[in-house]
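Examination of the molecular architecture
Here's the letter readout for the chains.
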Amino acid sequence: MQSTKILEFLFYDKKENSLLKYLYDENYVSKFEISSEVNFKRNELVTFNFDLTKKGCEHIDDIIKAVFASINAIKADNNIIYHK
């Protein structure tokens, strides 16, 4: 699915603006994984897993803001259909 490719770009690639790069550069996480699956109705479920460092535990609000900023960037793409 197209959304999976966008997720991989935003979250996995260590590009300048990726969430992954930000979390590692700030030393908030020691491990980061993202997975997705499509159910029988062709809805895609995306799961984020990360192991927080001690510093990450102290900056939970910053991490949540960064995750949702990345999700909003994905939602801004007009080629993806979202269910409300």
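Preceding this paragraph is the structure being described.
Below you will find a few notes about this structure. Remember, it's a predicted structure, so these values are computed and weren't measured experimentally.

With respect to unusual backbone geometry
The phi dihedral of Asn-27 falls on the positive side, at around 60°, and the residue is not glycine. With respect to the secondary-structure elements, Asn-27 resides in the loop between α2 (19-25) and β1 (29-38). The class for Asn-27 is partly exposed, based on a relative accessible area of 43%.

Focus on helix α4 (residues 60-75)
Every α-helix carries 3.6 residues per turn, so stepping three or four residues along brings you back to the same face. Taking 1.5 Å per residue, 16 residues should reach 22 Å; α4 reaches 23 Å between its end C-alpha atoms and fits that length. Residues Ile-63, Ala-66, Val-67, Ser-70 and Ile-74 constitute the buried set of α4. Each buried residue of α4 sits inside an arc of 95° when the element is viewed along its axis, so together they form one side. Opposite its buried face, α4 presents the exposed residues Asp-61, Lys-65 and Phe-68, each directed more than 90 degrees away.

Digging into the pattern of salt bridges
Evaluation of the coordinates by the stated rule reveals 2 salt bridges. Lys-21 is the salt-bridge partner of Asp-25, the closest N and O atoms lying 2.6 Å from each other. Separated by 4 residues within a single helix, Asp-25 and Lys-21 lie in helix α2, roughly one turn from each other. What makes Asp-25 exposed here is its relative accessible area of 52%. According to the relative accessible area criterion, Lys-21 is partly exposed, its value standing at 27%. Here Lys-31 ties to Glu-33 by a salt bridge, and the two come within 3.5 Å at their closest N and O atoms.

Some points on the pairing of β1
Where β1 and strand β2 (residues 44-52) come together, 9 bridges link them in antiparallel fashion. Opposite Val-38, over in β2, you have Glu-44 as the bridge partner. Linking two consecutive strands that pair antiparallel, namely β1 and β2, is a turn of 5 residues; a positive phi of about 65° is found at Arg-42 within it.

Conventions used here
- Residues numbered from 1 in each chain as written.
- Predicted model: local features only at pLDDT ≥ 70, side-chain atom pairs only at ≥ 80, totals over all residues.
- Heavy atoms only, no water.
- Helix = DSSP H or I, 4+ residues; strand = E, 2+ residues; numbered from the N terminus.
- Buried < 20%, exposed > 50% of the residue type's maximum accessible area, 1.4 Å probe, protein only.
- Expected span 1.5 Å × (residues − 1).
- Arc of directions from axis to C-beta.
- Salt bridge = Lys/Arg side-chain N within 4 Å of Asp/Glu carboxyl O.
- Pairing = 2+ DSSP bridges.

Any link to function would need more than the numbers given here.
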